Every structure is written in C-alpha cells, then in structure tokens.
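Single-letter residue listing:
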Amino acid sequence: MKQVYRSKTAFVLGWVWVAFVAVNAWDLTVRFNGKPSLVAAAVLGGLTAIVYLVALRPATVFTEPGLVGRNPLRTTFVPWASVADVTVSHSINVQHDEQLLRLWTPMSTARERARAQRRAAPRPQRPSRFRTEPAMTRGEQTAAEAFAGKTHADWVGEQITERAESARRREEAAGPARTTWSLDAFAVLAVALALVVAAIVVP
C-alpha cells in the first residue's frame, strides 16, 4: 500500500496558484496583444515552474519495496533493507549505501519544533471543583502521547526506521538505491524557458 507524505500547506497553495495561472492564461489568450501578453506569460510560466518544483512535486512515498524520495529535480528509490540510519533536523536525512538522501518533505520548522515541545511540557493543573476541559478518550490520549514533543517530520522519520527494521527482520535483500532525473520537472522548466525566449525574441 502506497503512502504519500508532503507539506499539505505548500501542496494546497501550489494548486491555488495553478488555478490562478489557468484563469490568467485564458485571459491572456483571449485578449492577446503581442509583446505585453508574451511578457506576462513568461512571468507566469517562470513562477509556475518554481511553484511546481518546490511545492507540488516534492513528496516522500512509502511503497512495499522501498522508500521513494521525490525532490525537485530527482527521484531516489531506496529499498527498505538498505536504509542504514534516519535522523531528523529541519529535514529527514536517510543514510543508505554510504550516501545521504535529504527528503524535501515533510520538513520541520523552528516554529513547529517549538510548538511540539510546548505540547510535550506538562501543564500545571489548577485546583477546581468544576472540570473546564472535556476528558480525552483513550484513543485521543494515546495519539497525544505518541505525538508529544514530535513534529510531523519526526513521526515520518520513525515510520521509515520501523519499516527498515522490519525489512531486515524479514531478511530482505539490501539492494542498491536508484536515482533518476525527473522528466516532468525538466518538461516544466523547458516550457517556462520557451515562454521567456518567446517574450525576448518576438518584437
């Protein structure tokens, strides 16, 4: 079963930008007036390429055979048994085959880290005859304890470690990692570059 982890905020804002560009592209097509329209299209194309590379494309994907890290320009596949170590700072760092894979998403910001640490700190209880907060169910309490002091990146890092250890217990083969260039990323960049060239060349 495939599981995909990414920055939800960046993903949603990325698609909002795509919708904005689609409306403007239609408007530029209908009201085409030469050089100004081409310049506007080039600007929109360049910004859309950046949004795609940093907001829409990056993802951390769990598959049955291994971990897939989709970064802006490359995709890396690492078999679970080949994962040697996982550390989390602002990003998730996966050590494999004496190499380091930095996953672009999910990332841990300083603000998110501070918020997670505040969640983990015990809250002072004021003596009161009346309960002012609803009691958590057992499931909610378990979830709160599991995430106490952890960011989303910490949790995903732990899931990678658990899958790697499970693969080694099953004595799965630790095959080599595979890294490939992203054709879709270069296609988006090529379209953006073509729009910029057209805006420069066409009088």
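Refer to the structure above for everything that follows.
Residues numbered from 1 in each chain as written. Predicted model: local features only at pLDDT ≥ 70, side-chain atom pairs only at ≥ 80, totals over all residues. Heavy atoms only, no water.

Peer 1: Lay out the overall build of the chain in plain terms, naming residues and giving numbers.
Peer 2: Across its full length, the chain holds six helices and eight strands. Across the chain, helices and strands are ordered from the amino to the carboxyl terminus as β-α-α-β-β-β-β-β-β-α-α-α-β-α. The burial tally for the chain puts 31% of its 203 residues in the buried class. Taking all contacts inside the chain whose residues are at least 6 apart in sequence as the whole, residues at least 24 apart take part in 67%. (Helix = DSSP H or I, 4+ residues; strand = E, 2+ residues; numbered from the N terminus. Buried < 20%, exposed > 50% of the residue type's maximum accessible area, 1.4 Å probe, protein only. Contact = heavy atoms within 4.5 Å.)

Peer 1: Tell me what's going on with the packing of helix H2 (residues 35-56) against helix H6 (residues 183-201), and back it up with residues and numbers.
Peer 2: What describes two packed helices is the angle between their axes and the distance between those same axes. The geometry of H2 relative to H6 is characterised by a closest axis approach of 8 Å and an angle of 160° between their N-to-C directions. Classified by the angle between their axes, H2 and H6 sit roughly antiparallel to one another. Judged by the twist between their axes, the crossing of H2 over H6 is left-handed. On H6, the residues touching Lys35, Leu38, Val39, Ala41, Ala42, Gly45, Gly46, Ala49, Tyr52 and Leu53 of H2 are Asp184, Ala185, Val188, Leu189, Ala192, Leu195, Val196, Ala198, Ala199 and Ile200. Of the residues in the contact of H2 with H6, the class split is 16 nonpolar, two polar and two charged. (Axes fitted to C-alpha atoms, helices over the stretch in contact; angles between N-to-C directions. Parallel < 35°, antiparallel > 145°, perpendicular 65-115°, else oblique. Left-handed = near helix turned anticlockwise from the far one by under 90°. Nonpolar A, V, L, I, M, F, W, Y, C, P; charged D, E, K, R; others polar.)

Peer 1: An account of the sheet that holds strand E1 (residues 3-5) is needed here, citing residue identities and associated values.
Peer 2: Read from one edge to the other, the open sheet built from five strands follows the order E1-E2-E3-E4-E8, with strand pairing classed as antiparallel. Each having just a single partner strand, E1 and strand E8 (178-181) make up the two edges of the open sheet. Pairs of neighbouring strands in the sheet enclose a mean axial angle of 15°, with direction left out of account. Where strand E2 (residues 59-62) and strand E3 (residues 66-70) come together, four bridges link them in antiparallel fashion. When the sheet's bridge partners are listed, Val61 is paired in E3 with Val68. (Pairing = 2+ DSSP bridges.)

Peer 1: Mind laying out the pattern of salt bridges, listing which residues take part and the relevant values?
Peer 2: Note that side chains of opposite charge can pair when their charged atoms are close. A complete count under the given rule lists four salt bridges for this structure. Among the ionic pairs, Asp27 bridges to Arg31, the shortest N-O distance being 3.3 Å. With relative accessibility at 62%, the residue Arg31 sits in the exposed group. (Salt bridge = Lys/Arg side-chain N within 4 Å of Asp/Glu carboxyl O.)

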